[in-house]
Amino acid sequence: MPKKLTTDSAIEIKEVYTAADVPPSTQPEMPGQFPFTRGVQEDMYRGKLWTMRQYAGFSTAEESNKRYHYLLSQGVMGLSVAFDLPTQIGYDSDHALAEGEVGKVGVAIDSIEDMQTLFKGIKLEEVSTSMTINATAYILLSFYVALAKQQGADLKKITGTIQNDVLKEYAARGTYIYPPQPSMRIITDIFEWCSQELPKWNTISISGYHIREAGSTAVQEIAFTLSNGKAYVKAALAKGLDLNVFGRRLSFFFNSHNNLFEEIAKFRAARRMWANIMKELGATDPKAMMLRFHTQTGGSTLTAQQPQNNIARVTVQTLAAVMGGTQSLHTNGFDEALSLPTEEAARIALRTQQIVAFESGAADTVDPLAGSYYVESLTNEIEQKAYELIATIDAMGGSVSAIEEGFIQDAIARSSYDYQRKIESGEKIIVGVNKFQTTEKDTTPVFKIDDSIRQIQTRQLVNLRNNRDPAKCDQVLQGLSDKATAGENIMPTVIEAVEQKCTLGEIADTLREVFGEYK
């Protein structure tokens, strides 16, 4: 009996696919047209290549700024900022809970002065910036806006994205601060403020990436992500916002793993599903129905064993993202299972994108695998299974309820356990890990962050607090507390607070007192 093969989402793979596996279409789908299965632009990469980003941020703002200038000199088209854990959960670098974490997994940003240093010599009007920040997204966006104003930039021209997707934090990642309901309220405040003041800014990047990193399948990744997207849209509609306006500024963030065809089919299915979901919710503007997404190659697929093998993995994942129609892409460094990427690893990762763009031919035609019996069949199967999961979540009252009940967390944990069990039994082969091992000594250079970063940041915080007007800081923070309590939009007051040199921790703590913390 022939061996049964499945994708990572347990979809059975036939030995051969024929026209019988794909239902005949009455109307052939075209790129740039609803439901956008084949892509959100008619000409895709023939018109403009995806934005090549490299995720970077470590140590101090000064050190990260050097890396940004290097990446821009190497052909990066957009910056992507990683923040350290204290910044992500609303603590200044001198807070007791920040000890041992300052500058470790990203850059430490405590104040507007750190933001000035981070982007020194970089005009915000000329660069697109993505910031991977969630619970404190409202503060980091305020730092960015305040800096843009200092530079004399036209806020109507500022482009970029804040991740700002707190629901997946409760389900998969853990860097939340406030309970789900007030967190949703902050997010809709950002939607509302940006639609008026920062019209080209992507106000949220609804993230499947971390759901996948936590161990979900490809099907779960898009089902849970699109369910979260529905929750954000419904919250914004309840606030009276115009779906056709804020819907155009929603973006998504997906993972790209090693199963090439499943990943391509996943991206195609997600686009089609989101277009139909938005239509059902009342969108009439095609641009508000388009699923535009950034992709990052799969961090959890990288191995500490034989790390150079990761270059091949990242190449496969890059091809999947490009042939799946991504708008923006970050490729991981081959050494990221060991440490933050070295400069050499970051350069190889960027060159991988450039080789796929300019040498492989993958970008020469739109949706190159359309019409493949296998890919079209897989697209349909992924869509069907994802809709079944979404229906279960809808029956529970939506994503917020499903997270509060632990449904999404449990589903991810089960998939993660199942995947690891297959690796340990040898059913799933990971080259260099459970097969084709070597006893070679690894000589990969490792990027290390010095613990003295916290002392540097603490000294800067002392200087900042000695050189500001404490009465004005107290006044603006009290104003923020009043606005939050009254249910008014907090964004103008947060921007005023950062301009008065209030710190990230002080602003986050003000709202902790109003909203409480999620335990």
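Residues numbered from 1 in each chain as written. Predicted model: local features only at pLDDT ≥ 70, side-chain atom pairs only at ≥ 80, totals over all residues. Heavy atoms only, no water.

- As annotated in an unreviewed UniProt entry, the protein chain carries the name Methylmalonyl-CoA mutase and comes from Niastella yeongjuensis.

## Description of the side chain of R468
Okay, so step 1: Inspection of the secondary structure puts R468 in the loop between α17 (453–466) and α18 (470–486).
Okay, so step 2: For R468, a relative accessible area of 18% translates into the label buried.
Okay, so step 3: Within the structure, the side chain of R468 is placed 2.8 Å from the backbone oxygen of K501, a separation counted as a polar contact.
Okay, so step 4: At 2.8 Å, the side chain of R468 and the side chain of E506 are in polar contact.
Okay, so step 5: Excluding its chain neighbours within four sequence positions, the residues that come into contact with R468 are C473, Q500, K501, C502, T503 and E506. (Helix = DSSP H or I, 4+ residues; strand = E, 2+ residues; numbered from the N terminus. Buried < 20%, exposed > 50% of the residue type's maximum accessible area, 1.4 Å probe, protein only. Polar contact = N/O pair within 3.5 Å; in protein donor to acceptor, adjacent residues only side chain to side chain. Contact = heavy atoms within 4.5 Å.)

## Some remarks on the packing of aromatic side chains
Okay, so step 1: As enumerated under the stated definition, the model contains 18 aromatic pairs in all.
Okay, so step 2: The interplanar angle of 50° and the centroid separation of 5.3 Å between the aromatic rings of Y144 and W201 together place this pair among those described as tilted. Of the two residues, Y144 sits in helix α4 (residues 137–150) while W201 sits in strand β7 (residues 201–202), which places them 57 residues apart along the sequence.
Okay, so step 3: Given a relative accessible area of 0%, W201 falls into the buried group.
Okay, so step 4: With a centroid separation of 6.3 Å and 50° between ring planes, the pair formed by F254 and F267 is classed as tilted. Highlighted residues: F254 in strand β9 (residues 250–256) and F267 in helix α10 (residues 260–281), separated in sequence by 13 residues. Pair check on accessibility: F254 and F267 agree, each one buried.
Okay, so step 5: Clustering of aromatic rings is evident, with ring pairs tying together F252, F254, F267, W274 and F293.
Okay, so step 6: One residue, K279, lies across the ring of F34, its end atom 4.6 Å from the ring centre. (Phe/Tyr/Trp six-rings, centres within 6.5 Å; stacked < 30°, edge-to-face > 60°. Lys NZ or Arg CZ within 6 Å of the ring centre and 35° of its normal.)

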